[in-house]
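# Observations on the model geometry
Below, each chain spelled out in residue letters.
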Amino acid sequence: MAVGETMMAWLDPAGRGRFVVAAAVLGTLWVLESVAPMFAGRSRRLTHLGANLGLAAINGVVLYGFAFGLLAVSEWARMRGWGVVRWLGLPPVWAWVAVLLLFDCWQYWWHRINHAVPWLWRFHAVHHADAEMDASSGVRFHTGEMILSATARVVVLPLLGMTVLQLAVYELAALPVILFHHSNVRMPAAVDRVLRVLIVTPWMHWVHHSRWQPETDSNFSSFLSIWDRLFGSFRLRERPQEIRLGLDGWPERQWRSLPGMLAAPFVKRRGVDRERADRSRSADQ
Ligand SMILES: [Zn+2]
Ligand SMILES: [Zn+2]
(Lines give C-alpha, C1' and ligand atoms only; values in the text may rest on other atoms or scores of the structure.)
(Ligands and ions follow the chains in the order given, each with its own letter.)
Protein backbone atom coordinates (compact mmCIF):
# COMPACT_ATOMS: atom_id res chain seq x y z
CA MET A 1 0.00 0.00 0.00
CA ALA A 2 1.17 3.54 -0.80
CA VAL A 3 1.04 4.69 2.83
CA GLY A 4 3.23 1.75 3.90
CA GLU A 5 5.79 2.56 1.21
CA THR A 6 5.84 6.22 2.21
CA MET A 7 6.50 5.16 5.80
CA MET A 8 9.49 3.05 4.88
CA ALA A 9 10.78 5.67 2.44
CA TRP A 10 11.52 8.24 5.09
CA LEU A 11 10.78 7.01 8.62
CA ASP A 12 14.04 5.10 8.54
CA PRO A 13 16.10 8.08 7.26
CA ALA A 14 14.45 10.27 9.94
CA GLY A 15 15.40 7.78 12.65
CA ARG A 16 18.92 7.44 11.30
CA GLY A 17 19.29 11.22 11.04
CA ARG A 18 18.28 11.65 14.69
CA PHE A 19 20.73 8.94 15.74
CA VAL A 20 23.65 10.51 13.86
CA VAL A 21 22.88 14.02 15.18
CA ALA A 22 22.51 12.71 18.76
CA ALA A 23 25.79 10.77 18.60
CA ALA A 24 27.73 13.73 17.14
CA VAL A 25 26.30 16.28 19.61
CA LEU A 26 26.64 13.96 22.65
CA GLY A 27 30.26 13.19 21.68
CA THR A 28 31.15 16.88 21.28
CA LEU A 29 29.46 17.85 24.54
CA TRP A 30 31.13 14.94 26.38
CA VAL A 31 34.54 16.40 25.47
CA LEU A 32 33.50 19.94 26.48
CA GLU A 33 32.01 18.63 29.75
CA SER A 34 35.35 16.90 30.46
CA VAL A 35 37.42 20.00 29.74
CA ALA A 36 35.21 22.69 31.31
CA PRO A 37 32.45 21.35 33.56
CA MET A 38 30.06 23.74 35.34
CA PHE A 39 29.27 21.28 38.15
CA ALA A 40 32.46 19.54 39.29
CA GLY A 41 32.98 16.25 41.14
CA ARG A 42 31.32 13.78 38.76
CA SER A 43 32.90 10.40 39.46
CA ARG A 44 30.61 7.98 37.63
CA ARG A 45 30.08 9.60 34.25
CA LEU A 46 30.25 6.41 32.18
CA THR A 47 27.76 4.49 34.36
CA HIS A 48 25.48 7.52 34.26
CA LEU A 49 25.77 7.76 30.48
CA GLY A 50 25.11 4.01 30.09
CA ALA A 51 21.90 4.13 32.14
CA ASN A 52 20.56 7.22 30.34
CA LEU A 53 21.39 5.86 26.88
CA GLY A 54 19.88 2.49 27.85
CA LEU A 55 16.59 4.22 28.63
CA ALA A 56 16.78 6.16 25.35
CA ALA A 57 17.34 2.90 23.42
CA ILE A 58 14.26 1.29 24.99
CA ASN A 59 12.25 4.42 24.14
CA GLY A 60 13.48 4.30 20.54
CA VAL A 61 12.23 0.74 20.09
CA VAL A 62 8.88 1.30 21.85
CA LEU A 63 8.17 4.56 19.98
CA TYR A 64 8.91 3.14 16.56
CA GLY A 65 5.38 1.69 16.51
CA PHE A 66 3.91 5.14 17.25
CA ALA A 67 5.58 6.61 14.17
CA PHE A 68 3.28 4.54 11.95
CA GLY A 69 0.20 5.66 13.89
CA LEU A 70 1.28 9.32 13.66
CA LEU A 71 1.83 9.04 9.92
CA ALA A 72 -1.60 7.46 9.49
CA VAL A 73 -3.48 10.20 11.41
CA SER A 74 -1.52 13.08 9.89
CA GLU A 75 -2.11 11.74 6.37
CA TRP A 76 -5.80 11.25 7.20
CA ALA A 77 -5.98 14.91 8.29
CA ARG A 78 -4.04 16.11 5.24
CA MET A 79 -6.39 14.36 2.82
CA ARG A 80 -9.37 16.04 4.50
CA GLY A 81 -7.72 19.47 4.68
CA TRP A 82 -7.85 19.33 8.48
CA GLY A 83 -5.81 21.39 10.93
CA VAL A 84 -5.38 24.97 12.16
CA VAL A 85 -2.55 25.78 9.76
CA ARG A 86 -4.52 24.54 6.73
CA TRP A 87 -7.62 26.46 7.79
CA LEU A 88 -5.52 29.65 7.91
CA GLY A 89 -4.70 29.16 4.22
CA LEU A 90 -1.12 30.43 4.57
CA PRO A 91 1.48 30.28 1.79
CA PRO A 92 3.62 27.11 2.15
CA VAL A 93 6.66 28.79 3.74
CA TRP A 94 4.55 30.57 6.37
CA ALA A 95 2.54 27.41 6.97
CA TRP A 96 5.81 25.66 7.87
CA VAL A 97 6.88 28.49 10.19
CA ALA A 98 3.44 28.58 11.83
CA VAL A 99 3.19 24.84 12.38
CA LEU A 100 6.70 24.60 13.86
CA LEU A 101 6.00 27.53 16.20
CA LEU A 102 2.63 26.11 17.26
CA PHE A 103 4.15 22.70 17.91
CA ASP A 104 6.95 24.22 20.01
CA CYS A 105 4.26 26.06 21.97
CA TRP A 106 2.45 22.70 22.47
CA GLN A 107 5.71 21.21 23.77
CA TYR A 108 5.90 24.02 26.34
CA TRP A 109 2.37 23.37 27.60
CA TRP A 110 2.75 19.58 27.55
CA HIS A 111 5.87 19.96 29.74
CA ARG A 112 4.05 22.34 32.05
CA ILE A 113 1.11 19.92 32.35
CA ASN A 114 3.59 17.16 33.25
CA HIS A 115 4.65 19.24 36.26
CA ALA A 116 1.11 20.10 37.31
CA VAL A 117 -0.68 16.74 37.09
CA PRO A 118 0.53 14.35 39.85
CA TRP A 119 0.28 11.09 37.87
CA LEU A 120 2.13 12.63 34.91
CA TRP A 121 4.73 14.03 37.30
CA ARG A 122 5.43 10.47 38.56
CA PHE A 123 6.86 9.68 35.10
CA HIS A 124 8.47 13.07 34.46
CA ALA A 125 10.18 12.98 37.89
CA VAL A 126 12.53 10.30 36.51
CA HIS A 127 13.99 13.02 34.25
CA HIS A 128 14.31 15.45 37.17
CA ALA A 129 15.78 12.95 39.65
CA ASP A 130 19.07 13.02 37.74
CA ALA A 131 21.42 14.72 40.22
CA GLU A 132 24.39 14.32 37.88
CA MET A 133 22.77 16.07 34.97
CA ASP A 134 24.74 16.24 31.73
CA ALA A 135 23.93 16.17 28.00
CA SER A 136 22.75 12.54 28.25
CA SER A 137 20.00 13.68 30.66
CA GLY A 138 18.40 15.20 27.56
CA VAL A 139 17.35 11.70 26.50
CA ARG A 140 16.56 10.44 30.02
CA PHE A 141 12.76 10.21 29.92
CA HIS A 142 10.67 7.38 31.33
CA THR A 143 9.17 5.19 28.60
CA GLY A 144 5.72 5.87 30.08
CA GLU A 145 6.22 9.63 29.60
CA MET A 146 7.29 9.06 26.00
CA ILE A 147 4.24 6.87 25.30
CA LEU A 148 1.91 9.47 26.84
CA SER A 149 3.58 12.24 24.83
CA ALA A 150 3.29 10.23 21.59
CA THR A 151 -0.37 9.45 22.35
CA ALA A 152 -1.10 13.17 22.81
CA ARG A 153 0.59 13.85 19.47
CA VAL A 154 -1.89 11.53 17.77
CA VAL A 155 -4.44 14.27 18.54
CA VAL A 156 -2.17 17.32 18.31
CA LEU A 157 -0.79 16.61 14.83
CA PRO A 158 -4.13 16.49 12.96
CA LEU A 159 -5.40 19.39 15.06
CA LEU A 160 -2.46 21.60 14.02
CA GLY A 161 -2.39 20.21 10.48
CA MET A 162 1.18 19.07 11.00
CA THR A 163 2.71 16.40 8.78
CA VAL A 164 5.11 13.74 10.02
CA LEU A 165 7.82 15.30 7.84
CA GLN A 166 7.32 18.60 9.71
CA LEU A 167 7.49 16.70 13.01
CA ALA A 168 10.72 15.01 11.91
CA VAL A 169 12.24 18.39 10.95
CA TYR A 170 11.17 19.87 14.31
CA GLU A 171 12.68 16.95 16.23
CA LEU A 172 15.92 17.09 14.27
CA ALA A 173 16.26 20.83 14.95
CA ALA A 174 15.25 20.57 18.63
CA LEU A 175 17.43 17.58 19.53
CA PRO A 176 20.83 19.38 19.55
CA VAL A 177 19.30 22.24 21.55
CA ILE A 178 17.83 19.81 24.11
CA LEU A 179 21.13 17.95 24.52
CA PHE A 180 22.99 21.29 24.73
CA HIS A 181 20.80 22.82 27.44
CA HIS A 182 21.12 19.70 29.61
CA SER A 183 24.91 19.67 29.27
CA ASN A 184 27.37 20.28 32.08
CA VAL A 185 29.44 22.67 29.99
CA ARG A 186 30.64 25.82 31.78
CA MET A 187 28.86 28.28 29.53
CA PRO A 188 30.19 31.86 29.69
CA ALA A 189 27.40 34.13 30.95
CA ALA A 190 27.68 36.50 27.99
CA VAL A 191 27.36 33.70 25.41
CA ASP A 192 24.42 32.16 27.23
CA ARG A 193 22.72 35.58 27.41
CA VAL A 194 22.92 35.99 23.63
CA LEU A 195 21.82 32.43 22.83
CA ARG A 196 18.82 32.51 25.18
CA VAL A 197 17.28 35.37 23.25
CA LEU A 198 16.28 32.60 20.83
CA ILE A 199 16.81 29.13 22.30
CA VAL A 200 16.71 27.41 25.69
CA THR A 201 20.24 27.44 27.15
CA PRO A 202 22.04 25.62 29.98
CA TRP A 203 21.65 28.64 32.29
CA MET A 204 17.88 28.40 31.80
CA HIS A 205 17.53 24.65 32.04
CA TRP A 206 19.82 24.13 35.07
CA VAL A 207 17.29 26.30 36.93
CA HIS A 208 14.52 23.97 35.75
CA HIS A 209 16.43 21.02 37.26
CA SER A 210 16.87 22.75 40.64
CA ARG A 211 15.62 20.96 43.78
CA TRP A 212 13.83 24.12 44.86
CA GLN A 213 10.31 23.79 43.52
CA PRO A 214 9.69 27.41 42.48
CA GLU A 215 12.69 26.91 40.18
CA THR A 216 11.68 23.36 39.14
CA ASP A 217 8.36 24.82 38.04
CA SER A 218 9.93 27.41 35.73
CA ASN A 219 11.64 27.42 32.30
CA PHE A 220 9.41 24.81 30.66
CA SER A 221 10.40 25.64 27.06
CA SER A 222 12.16 22.90 25.06
CA PHE A 223 13.47 24.66 21.98
CA LEU A 224 12.63 28.37 21.67
CA SER A 225 12.89 30.37 24.88
CA ILE A 226 10.06 32.74 23.95
CA TRP A 227 7.31 30.67 25.59
CA ASP A 228 8.66 31.10 29.12
CA ARG A 229 8.86 34.86 28.61
CA LEU A 230 5.40 34.93 27.07
CA PHE A 231 3.69 32.79 29.71
CA GLY A 232 5.55 34.20 32.74
CA SER A 233 7.67 31.20 33.72
CA PHE A 234 11.12 32.56 32.82
CA ARG A 235 13.59 32.42 35.70
CA LEU A 236 17.36 32.69 36.13
CA ARG A 237 20.00 32.33 38.86
CA GLU A 238 22.84 34.77 39.24
CA ARG A 239 25.28 31.96 40.13
CA PRO A 240 23.98 28.78 38.48
CA GLN A 241 26.90 26.71 39.83
CA GLU A 242 25.19 26.98 43.24
CA ILE A 243 22.03 25.21 42.02
CA ARG A 244 21.44 21.85 43.73
CA LEU A 245 20.37 19.59 40.87
CA GLY A 246 17.96 16.68 41.31
CA LEU A 247 14.93 16.09 43.52
CA ASP A 248 14.81 16.12 47.32
CA GLY A 249 13.04 13.27 49.07
CA TRP A 250 13.08 10.94 46.06
CA PRO A 251 15.04 7.69 45.96
CA GLU A 252 17.77 9.02 43.67
CA ARG A 253 20.18 6.15 44.33
CA GLN A 254 17.64 3.52 43.27
CA TRP A 255 16.72 5.63 40.24
CA ARG A 256 20.25 5.67 38.92
CA SER A 257 20.00 2.20 37.42
CA LEU A 258 17.97 1.37 34.33
CA PRO A 259 15.62 -1.08 36.18
CA GLY A 260 15.30 1.48 38.99
CA MET A 261 14.30 4.23 36.55
CA LEU A 262 11.76 2.02 34.79
CA ALA A 263 10.17 0.91 38.07
CA ALA A 264 10.23 4.39 39.66
CA PRO A 265 6.72 5.69 38.79
CA PHE A 266 5.11 2.47 40.04
CA VAL A 267 6.95 2.18 43.35
CA LYS A 268 4.92 3.08 46.40
CA ARG A 269 6.56 6.13 47.89
CA ARG A 270 5.27 7.03 51.31
CA GLY A 271 4.90 10.76 51.78
CA VAL A 272 6.67 11.69 48.56
CA ASP A 273 3.73 13.40 46.90
CA ARG A 274 3.02 15.18 50.16
CA GLU A 275 6.67 16.21 50.27
CA ARG A 276 6.32 17.89 46.84
CA ALA A 277 3.33 19.85 48.10
CA ASP A 278 5.26 20.81 51.24
CA ARG A 279 8.18 22.05 49.18
CA SER A 280 5.93 24.39 47.26
CA ARG A 281 4.61 25.82 50.54
CA SER A 282 8.01 26.43 52.09
CA ALA A 283 9.18 28.71 49.32
CA ASP A 284 12.49 29.56 50.90
CA GLN A 285 15.92 28.10 50.44
ZN1 LIG B 1 10.45 19.27 33.73
ZN1 LIG C 1 15.45 18.62 31.45
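Keep in mind that this is a model prediction, so the values were computed, not measured.

### Structural notes on the overall build of the chain
Each helix and strand counted, the chain has 13 helices and zero strands in total. Tracing the chain from N to C terminus, the helices and strands come up as α-α-α-α-α-α-α-α-α-α-α-α-α. Expressed as a percentage of its 285 residues, the buried residues of the chain come to 33%. For the chain, long-range pairs separated by at least 24 residues make up 74% of all intrachain contacts whose partners lie at least 6 apart in sequence.

### Digging into unusual backbone geometry
Its identity as a non-glycine residue notwithstanding, Asn 219 has a phi of 50°, on the positive side. By secondary structure assignment, the location of Asn 219 is in the loop between α10 (213–216) and α11 (226–230).

### Digging into helix α7 (residues 164–182)
Here α7 contains 19 residues, and its C-alpha end-to-end distance of 26 Å stays within 8% of the 27 Å for a straight helix at 1.5 Å per residue. The largest bend along α7 reaches roughly 30° and is located at Ala 174, with the proline Pro 176 sitting one to four residues downstream. Buried residues of α7: Val 164, Leu 167, Pro 176, Val 177, Ile 178, Leu 179, Phe 180, His 181 and His 182, and no others.

### Details of the environment of Gly 260
Looking at the secondary structure, you find Gly 260 in helix α12 (residues 258–263). Sequence spacing of Gly 260 and Ala 51 is 209 residues, and the spatial spacing of their C-alpha atoms is 9.9 Å. Other than its neighbours up to four places away in sequence, Gly 260 contacts Gln 254 and Trp 255.

### Observations concerning the nonpolar core
The biggest cluster of nonpolar side chains holds 22 residues, and the ones touching the most others in it are Leu 26, Leu 29, Val 177, Leu 179, Ile 199, Val 200 and Phe 223. Looking at this core, the elements that each hand over two or more residues are α1 (2–35), α7 and α9 (202–208). Contact partners of Leu 29, with chain neighbours within four places excluded, come to Ala 135, Leu 179, Phe 180, Ser 183 and Val 185.

### Re the packing of helix α4 (residues 92–116) against helix α5 (residues 118–128)
For any two helices packed against each other, one specifies the inter-axial angle together with the distance between the axes. Taken N-terminus to C-terminus, the directions of α4 and α5 make an angle of 105°; their axes are 6 Å apart at the nearest point. In terms of orientation, α4 and α5 fall into the roughly perpendicular class. Contact with α4, carried on its side by Ile 113, Asn 114 and His 115, involves Leu 120, Trp 121 and His 124 of α5 and no other residues of that element. Classifying every residue of the contact of α4 with α5 gives three nonpolar, three polar and no charged.

### A closer look at helix α2 (residues 45–79)
Spanning 35 residues, α2 covers 48 Å between terminal C-alpha atoms, matching the ideal 51 Å at 1.5 Å per step. The sharpest bend along α2 comes to roughly 35°, located at Tyr 64. The set of residues buried in α2 consists of His 48, Ala 51, Asn 52, Leu 55, Leu 70, Leu 71 and Ser 74. With its phi angle positive at about 70°, Gly 81 sits one or two positions after the end of α2.

### Considerations on the environment of Phe 180
The topology assignment puts Phe 180 in helix α7. Sequence separation between Phe 180 and Ser 136 is 44 residues; the distance between their C-alpha atoms is 9.4 Å.

### Notes on the confidence of the model for the chain
Within the chain, residue pLDDT values average 89, and 90% of them lie at 70 or more. Contacts for the low-pLDDT stretch residues 281–285, under 50 throughout, to residues beyond four places or in other chains number two contacts.

### Here we look at the environment of Pro 37
Among the structural elements, Pro 37 can be located in the loop between α1 and α2. Excluding anything up to four places from it in sequence, Pro 37 contacts Arg 42, Asn 184 and Arg 186.

Reading the values: rules and limits
Residues numbered from 1 in each chain as written. Chains lettered and ligands numbered in written order. Predicted model: local features only at pLDDT ≥ 70, side-chain atom pairs only at ≥ 80, totals over all residues. Helix = DSSP H or I, 4+ residues; strand = E, 2+ residues; numbered from the N terminus. Buried ≥ 20, exposed ≤ 12 C-beta atoms within 10 Å, placed from the backbone. Contact = placed C-beta atoms within 7 Å. Expected span 1.5 Å × (residues − 1). Bend = angle between axes of the 7 residues up to and from the residue. Core = buried A, V, L, I, M, F, W, Y, C linked by C-beta atoms within 7 Å. Axes fitted to C-alpha atoms, helices over the stretch in contact; angles between N-to-C directions. Parallel < 35°, antiparallel > 145°, perpendicular 65-115°, else oblique. Nonpolar A, V, L, I, M, F, W, Y, C, P; charged D, E, K, R; others polar. pLDDT = per-residue confidence, 0-100.

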